[in-house]
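Below are the chains, spelled out letter by letter.
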Amino acid sequence: MALLLNIDTATGTASLCLSLDGKVLGATENESQKDHAAWIQPAIQELLAQHHYTLPQLQAIALSAGPGSYTGLRVGMATAKGLCFALQIPLITENTLKVIANATREQVLLSGNGTADAGLLLCPMIDARRMEVFTAVYDQQLNIVLAPAAMILDNISFNKELVNNSILFTGNGSTKWKHVCDHPNARFAEVKHTAVHLAPLAEQSFLQENFADLAYEEPFYLKEFYSYMKK
């Protein structure tokens, strides 16, 4: 049986999820983005203790590896890699946009609210400030239709995709897109993703032994980040 710790610090709300064979045992969140680094280690210990497990019993660490907040991604990656090195267990990484798409599938498509149709595509968006977003398009089986990219939104964005498809836009970047897009095939929904929505994806990767290279794995920034030390 696979006991996994799932970590998501990619966006404003950090979250942890403890899962066993893909089923959620418990989860916890922190909505103060500035406190993610101080919150995460005690929260891991508390979550494990609540469910009567210890760190050495973990079989892998799963991480929502980006795109998202640069600082948040580094907090999550450092935590996950540190634990994996110390415990000598594998690291599983997943794209944060895919995690949001999975949350959309669970909260909207599988909820029976009538929003879904067979050809509906899923477009998660993460706010990257101003009119820029990190985004991708997936089908309902979470196969990539449009690869993850950093995109500056304007009134012709997604026109090609919207001609023949209905697209459901979600995530914290979709709010500003909603004010720009008036295409009849565009739909919008509020979706909250957490590490809970990472857990089933991580379980699948664990069973397939789809593990990251622990020595060389880095956050998926999607675009270069700025540093005062860079010239």
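Residues numbered from 1 in each chain as written. Predicted model: local features only at pLDDT ≥ 70, side-chain atom pairs only at ≥ 80, totals over all residues. Heavy atoms only, no water.

Participant: Describe the packing of aromatic side chains, listing the residues and the values that go with them.
Facilitator: Applying the stated criterion to the full structure yields 6 aromatic pairs. Ring pairs connect the aromatic residues Phe-158, Phe-169, Trp-177 and Phe-188, which therefore count as one cluster. (Phe/Tyr/Trp six-rings, centres within 6.5 Å; stacked < 30°, edge-to-face > 60°.)

Participant: An account of the side chain of Thr-194 is requested, with residue identities and associated values reported.
Facilitator: Relative to the assigned elements, Thr-194 resides in the loop between β10 (186-188) and α6 (199-207). With relative accessibility at 7%, the residue Thr-194 sits in the buried group. Those residues in contact with Thr-194 that sit more than four places away from it in its chain are Asp-8, Ser-15, Glu-29 and Val-99. (Helix = DSSP H or I, 4+ residues; strand = E, 2+ residues; numbered from the N terminus. Buried < 20%, exposed > 50% of the residue type's maximum accessible area, 1.4 Å probe, protein only. Contact = heavy atoms within 4.5 Å.)

Participant: Quick one: what's the story with the pattern of salt bridges, residue by residue and with numbers?
Facilitator: The final tally for this structure, using the stated rule, is 3 salt bridges. With its nearest N and O atoms 2.8 Å apart, the salt bridge here joins Glu-29 to Lys-192. Of the two residues, Glu-29 is situated in strand β3 (residues 23-30) and Lys-192 in the loop between β10 and α6; the sequence distance between them amounts to 163 residues. Glu-29 sits in the partly exposed class, given a relative accessible area of 35%. (Salt bridge = Lys/Arg side-chain N within 4 Å of Asp/Glu carboxyl O.)

Participant: Mind laying out unusual backbone geometry, listing which residues take part and the relevant values?
Facilitator: Residue Pro-67 is reached from Gly-66 by a cis peptide bond, and omega for that bond is 10°. Mapped onto the elements of the fold, Pro-67 is located in the loop between β4 (60-64) and α2 (70-87). The residue Arg-129 is not glycine, and still its phi comes out positive at about 80°. Position of Arg-129 relative to the elements: it lies in the loop between β6 (121-127) and β7 (132-138). Looking at Arg-129, the relative accessible area reads 68%, which means it is exposed.

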